[in-house]
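# Descriptive structure summary
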Amino acid sequence: MKVMVKYPLPKDKVRSYTGKKLDSINMESVLDGTVTPEDIKISKETLKMQGEIAYSSGKKQLQQNFNRASELTKVEDELILEIYDKLRPNRATKDELLDYANTLENKYSAVMCADFIRDAVKVYERRGILKKD
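Residues numbered from 1 in each chain as written. Predicted model: local features only at pLDDT ≥ 70, side-chain atom pairs only at ≥ 80, totals over all residues. Heavy atoms only, no water.

## Points about the overall build of the protein chain
Helix and strand content of the protein chain: 6 helices and 0 strands. The linear arrangement of helices and strands in the protein chain, starting from the amino end, is α-α-α-α-α-α. A compact globule built from 133 residues should have a C-alpha radius of gyration of about 14 Å, whereas the protein chain, at 18 Å, is more than 25% larger. Taking the principal axes of its C-alpha atoms as reference, the protein chain extends roughly 50 × 40 × 25 Å. Counting only residues that meet the buried cut, the protein chain has 31% of its 133 residues in that class. Counting only carbon and sulfur atoms, one obtains 54% of the accessible surface of the protein chain, whose full area is about 9,200 Å². In the protein chain, the 25 positive side-chain charges and the 22 negative ones have mean positions that sit 7 Å from each other. (Helix = DSSP H or I, 4+ residues; strand = E, 2+ residues; numbered from the N terminus. Rg over C-alpha atoms; globule rule 2.2 N^0.38 Å. Buried < 20%, exposed > 50% of the residue type's maximum accessible area, 1.4 Å probe, protein only. Areas by Shrake-Rupley, 256 points an atom, 1.4 Å probe, with all protein chains shown as cover. Lys, Arg positive; Asp, Glu negative; His and termini not counted. Charge placed at Lys NZ, Arg CZ, Asp CG, Glu CD.)

Quick look at the structure:
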């Protein structure tokens, strides 16, 4: 049986991307170098727990957003920003966007994010806002 997580998340359950406990991330640790930028990124598990909370509050779309975000924790920041920019109207061709979707799915197992981009391609085609080849 799945245990329902309640808000706020218990501090002992919250971990950073690198696995650090929330209590170990503080200004002193930053200043002495024991906490790095990677240590303050959110973990996939924390995002999933937030999604469970959203779902239990009747916010299914918000849960889906958290689940997609959890998939992106393994993707390099530069690629996320590149894709974000290319998702703006008239910034990418259909093939470019589909290549991003395939990369997300095949390299990072980010299936929900890949499907999101594929859905965007369909909408962009209908609206005529894909970049011309």
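Having seen the model, we can carry on.
## Details of the environment of Ala120
In this fold, Ala120 is placed in helix H6 (residues 111-127). Residue Ala120 is classed as buried on the basis of its relative accessible area of 11%. Placed 15 residues apart in sequence, Ala120 and Glu105 show a C-alpha to C-alpha distance of 15 Å.

## Brief notes about the pattern of salt bridges
Two side chains of opposite charge can pair, provided their charged atoms sit close to one another. With the rule as written, the count across this model stands at 7 salt bridges. Here Lys94 and Glu125 are joined by a salt bridge, their closest N and O atoms 3.0 Å apart. Here the residue Lys94 occupies a position in helix H5 (residues 94-108), and Glu125 occupies one in helix H6, the gap between them amounting to 31 residues. Judged by its relative accessible area of 35%, Lys94 falls in the partly exposed class. Within the structure, one salt-bridge network assembled from shared partners comprises Glu38, Lys41 and Asp77. (Salt bridge = Lys/Arg side-chain N within 4 Å of Asp/Glu carboxyl O.)

## Let's talk about unusual backbone geometry
Unusually for a residue other than glycine, Asn90 sits at a positive phi of about 65°. Among the structural elements, Asn90 can be located in the loop between helix H4 (77-86) and H5. The phi angle at Ser109 is positive, at roughly 55°, despite the residue not being glycine. Residue classification places Ser109 among the exposed positions, given a relative accessible area of 54%.

## Topic: a nonpolar patch on the surface
On the surface, Met27, Val30 and Leu31 cluster together into a nonpolar patch covering about 340 Å² of accessible area. Considering the arrangement of structural elements, one finds Leu31 in helix H1 (residues 27-31). (Patch = residues over 30% accessible without salt bridge, like charges linked within 9 Å, V, L, I, M, F, W, Y side chains within 5 Å.)

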